[in-house]
Amino acid sequence: MGNKNKTISFRVNEDAFETLREIAEERDISLSAVFRDYVDTLVAHDGQVEVVPEHELDRLREGDETHESFPPTVEVPKSFIREHERLELEAEHLREQLEEHKGYVNYLREQLENDTGEVEEVIQLEDLDASGDEPPFKLG
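These numbers were taken from a predicted model, which means no experiment stands behind them. (Residues numbered from 1 in each chain as written. Predicted model: local features only at pLDDT ≥ 70, side-chain atom pairs only at ≥ 80, totals over all residues. Heavy atoms only, no water.)

### A short note on the overall build of the protein chain
The condition that has to hold: Under the DSSP-based scheme used, a helix requires at least four consecutive residues in state H or I and a strand at least two consecutive residues in state E, with every element numbered from the N terminus. Each residue is placed in one exposure class: buried if its accessible area under a 1.4 Å probe, protein chains only, is under 20% of its type's maximum, exposed if it is over 50%, and partly exposed if it falls in between. Only the protein chains shown count as cover for residues, with accessible areas throughout obtained via the Shrake-Rupley method and a probe of 1.4 Å.
Regarding its fold elements, the protein chain presents five helices and zero strands. Traced from its N-terminal end to its C-terminal end, the protein chain shows the element sequence α-α-α-α-α. Here the protein chain holds 140 residues, and 5% of them are scored as buried. Accessible surface, the protein chain: about 14,100 Å² in total, of which carbon and sulfur atoms supply 51%.

### What to know about the pattern of salt bridges
Note the threshold: In the sections that follow, a salt bridge refers to a side-chain nitrogen of Lys or Arg positioned within 4 Å of a carboxyl oxygen of Asp or Glu.
According to the stated counting rule, one finds five salt bridges in the structure shown. Among the salt bridges present, the one from R86 reaches E90, with a minimum N-O distance of 2.9 Å. Pair noted here: R86 and E90 are both in helix α4 (residues 78-114), with a separation of four residues, about one helical turn. A relative accessible area of 40% means that R86 is categorised as partly exposed. It is possible to trace a salt-bridge network through shared partners that takes in E83, R86 and E90.

### Structural notes on the packing of aromatic side chains
Where two aromatic rings form a pair, the distance of their centres and the angle of their planes describe that pair. Quick note on the threshold: Two rings from Phe, Tyr or Trp (for Trp, the six-membered ring) form a pair when their centres sit within 6.5 Å of each other. Planes less than 30 degrees apart are called stacked, planes more than 60 degrees apart edge-to-face, and all others tilted.
According to the stated counting rule, one finds one aromatic pair in the structure shown. On the numbers, 6.3 Å between centres and 25 degrees between planes, the contact of Y104 with Y107 is stacked. Residue Y104 and its partner Y107 are both found in helix α4; the two are separated by three residues, about one turn of the helix. The exposure class of Y107 is partly exposed, given its relative accessible area of 43%.

### Description of unusual backbone geometry
Positive phi, normally seen in glycine, also occurs at D28, with a value near 60 degrees. Here D28 shows up in the loop between α1 (14-27) and α2 (31-44). Phi angles above zero are rare outside glycine, and D46 is one such case at about 50 degrees. Relative to the helices and strands, D46 is located in the loop between α2 and α3 (54-61). You can call D46 exposed: its relative accessible area is 69%.

### Here we look at a negative patch on the surface
Note the following rule: To count toward a patch, a residue needs a relative accessible area above 30% and no salt bridge. Like charges then connect within 9 Å, nonpolar side chains (Val, Leu, Ile, Met, Phe, Trp, Tyr) within 5 Å. Counting rule for charge: Lys and Arg are taken as positive, Asp and Glu as negative, and neither His nor the chain ends is counted. A charge is said to be at NZ when it belongs to Lys, at CZ for Arg, at CG for Asp and at CD for Glu.
Together, E14, D15, E18, E22, E25, E26, E54 and D58 line one region of the surface with negative charge. Going through the elements one at a time, α1 and α3 are the ones with two or more residues in the negative patch. By residue number, the principal contributor to the negative patch is α1, which donates six residues. Following the sequence through the fold, E26 ends up in helix α1.

### Here we look at the UniProt feature "domain: Ribbon-helix-helix protein CopG" (unreviewed entry) in the protein chain
The line we're drawing: UniProt positions are given in the numbering used here, feature names are shortened, and annotations may be inferred rather than shown by experiment.
In the UniProt entry, the feature "domain: Ribbon-helix-helix protein CopG" (unreviewed entry) is given for residues 6-43. Counted over residues 6-43, helix gives 71% and strand 0%. Its end C-alpha atoms are 15 Å apart.

### A short note on the confidence of the model for the protein chain
The test is simple: The quantity known as pLDDT measures the predictor's confidence residue by residue, on a range of 0 to 100.
The predicted model of the protein chain has a mean per-residue pLDDT of 79, with 76% of residues at 70 or higher. When mean pLDDT is taken per element in the protein chain, α4 scores highest with 91 and helix α5 (residues 125-131) scores lowest with 70.

### So, the packing of α1 against α2
Rules: Interaxial angles span 0 to 180 degrees and are taken between N-to-C directions of axes, which are lines fitted to C-alpha atoms, for helices over the stretch in contact. Angular relationships are summarised with four words: roughly parallel below 35 degrees, roughly antiparallel beyond 145, roughly perpendicular across 65 to 115, and oblique for the angles in between. Any two residues whose heavy atoms approach within 4.5 Å at even a single point are treated as in contact. Residues are sorted three ways: Asp, Glu, Lys and Arg are charged, Ala, Val, Leu, Ile, Met, Phe, Trp, Tyr, Cys and Pro are nonpolar, and all the rest, Gly among them, are polar.
Running from amino to carboxyl end, α1 crosses α2 at an angle of 90 degrees, the nearest separation of the two axes being 8 Å. With respect to α2, the element α1 is oriented roughly perpendicular. Residues F17, L20, R21, I23, A24 and R27 of α1 pack against L31, V34, F35 and D37 of α2. Broken down by class, the residue content of the contact of α1 with α2 amounts to seven nonpolar, no polar and three charged.

Written out as structure tokens, the structure is:
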């Protein structure tokens, strides 16, 4: 049936609201997008998200024993990245081909619609044989 968006409503104090608004303006996104990003991150990490001030982030990255590495990092092999880029290029090429084919189909449809019904005279070979105006061709 598909995912339907749900609305979450809650109250924050005025100072927190102004701080959130500044964050949204700084990131050039809506206030709702700030919350959606946070919720998406929270869901993606199964609730294991820690909000950390930037000045503490460097300490956490250095491997402080009291906290796990934040933000989590994953090493991806170059071959995976190259394959992903190749597939993206191939997908783009296929999208372009699809658009060209759609354009051609639309062109053919327009030609069909513009056809006024005039059909060039069709001469059947049987009719030529029966006309009798010319003698039949003989070998020999």
